[in-house]
Amino acid sequence: MSDIIINNQPVLSKILNKIQKSNTNVQAYMLYGDSKEILRNYAIMFAKVLICPREYCDNCNKCNICRRIDNNVYGELKIVNPVNKMIKKEAVLEVKETFNTESIEGKNGVYIINDVELLNTSAANAILKFLEEPDGNSVAIFTTTNLDAVIKTISSRCQTIKINNYKVKRGIEFVMEVSGFDEETIYKIVDFTKKIEKDKAGAISNIKNEFINNFDNKDALMNALNVMLLYYKDMLNYLIRNKCFYFDVNDVKLALNNQDKDLISRKISFILENISKLEYNVNVLLFMDNLIIRIGEMNDD
Ligand SMILES: [Zn+2]
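Residues numbered from 1 in each chain as written. Predicted model: local features only at pLDDT ≥ 70, side-chain atom pairs only at ≥ 80, totals over all residues. Heavy atoms only, no water.

1. Digging into the packing of helix α10 (residues 218-241) against helix α12 (residues 261-278)
Next up, step 1: Between α10 and α12, the least distance of the axes is 10 Å, while the angle of their chain directions is 165°. Relative to α12, the element α10 lies roughly antiparallel. Judged by the twist between their axes, the crossing of α10 over α12 is left-handed. (Axes fitted to C-alpha atoms, helices over the stretch in contact; angles between N-to-C directions. Helix = DSSP H or I, 4+ residues; strand = E, 2+ residues; numbered from the N terminus. Parallel < 35°, antiparallel > 145°, perpendicular 65-115°, else oblique. Left-handed = near helix turned anticlockwise from the far one by under 90°.)

Set out below in structure tokens:
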């Protein structure tokens, strides 16, 4: 069973893995942090881990439950949002109604209450009763941006999880940002990398000259190698996670051929090593020769 790894969310990752591996879980979780949007997204993901009858993975397409959750049409996941800055008792009772019978489809029935600090007193009492007398296998996920304002009798019954406020930058915009190149230049580097992978020892001198003409100083060359690095990292992402973070999946698959994780990892360390060497390297031509030849050779190791 593979681990769920969420960037910059070590606590959440740990708890989700524990849930996934043990099948036992706490009855109520409280996610808190600064951004409502991020909290809501992670609450849904959390719910999927609790519900998915298979091993949860990003974009699970093995069960149609996760798909229905994405489309907001899955009956055993109830989401309550405040109306006019208040969560009323009726909304809570409606949730309770749903889970009166034991959940049949997913592993658990889950209800999410967002902005749980906005529960009015009678709604809070209804929740408490729900938490004290659980029926079936329903699990609560509460979110709040103001943990101190949540009624203590509720928060004390939850496992609280801090959600860090950080969005991972991805996509071609990220590559543009780190390299300072426009999209066209970035795809030139991608094409060059594909050629290295395809031609191996063959047309190397040709493509090398072309490359060096385009990136004719150390700074530009270093940025180009960083783009190349992200491209190889995406090959690894594809092999490990079945998705890419920076480039189009189809574009990445093309250069991958039959290479395995180990070979790609070695290439990544090799490029990293060379990026740090480049600073001290006077002869750029020789440097590129070595780089290209060595990557080609790795394919035959
Ligand atoms: Zn699923």
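2. Thoughts on the nonpolar core
Next up, step 1: Among the nonpolar cores identified, the biggest contains 45 residues, and Phe 247 and Met 288 are the most heavily contacted of them.
Next up, step 2: Put simply, the parts of the chain that give this core at least two residues each are α7 (171-179), α8 (183-199), α9 (204-214), α10, α11 (249-256), α12 and α13 (284-298).
Next up, step 3: For this core, the leading source of residues is α10, giving 13 residues.
Next up, step 4: Those residues in contact with Phe 247 that lie beyond four places of it in its chain are Ile 172, Val 175, Ile 186, Tyr 187, Val 190, Val 227, Leu 230, Tyr 231, Asp 234 and Val 252.
Next up, step 5: Membership of the second largest hydrophobic core comes to 33 residues, among which are Tyr 42, Ala 43, Cys 60 and Ile 161. (Core = buried A, V, L, I, M, F, W, Y, C linked by side-chain atoms within 4.5 Å. Buried < 20%, exposed > 50% of the residue type's maximum accessible area, 1.4 Å probe, protein only. Contact = heavy atoms within 4.5 Å.)

3. Let's talk about the confidence of the model for the chain
Next up, step 1: Of all residues in the chain, 93% have pLDDT values of 70 or greater, and the mean over the chain is 87.
Next up, step 2: Per-element confidence in the chain is highest for strand β1 (residues 28-32), whose mean pLDDT is 96, and lowest for α9, whose mean pLDDT is 77. (pLDDT = per-residue confidence, 0-100.)

4. Concerning the sheet that holds strand β5 (residues 159-162)
The strands that make up a sheet are held in pairs by hydrogen bonds between backbone atoms, and each pair lies either parallel or antiparallel.
Next up, step 1: Pairing is parallel across the open sheet formed by 5 strands, whose spatial order is β2-β3-β4-β1-β5. Both outer strands of the open sheet, β2 (77-80) and β5, are each paired with one neighbouring strand and no more. Each strand of the sheet is rotated relative to its neighbour by a mean of 20°, with strand direction disregarded.
Next up, step 2: Of the pairings in the sheet, the one linking β2 to strand β3 (residues 109-113) comprises 4 bridges and is parallel in character. (Pairing = 2+ DSSP bridges.)

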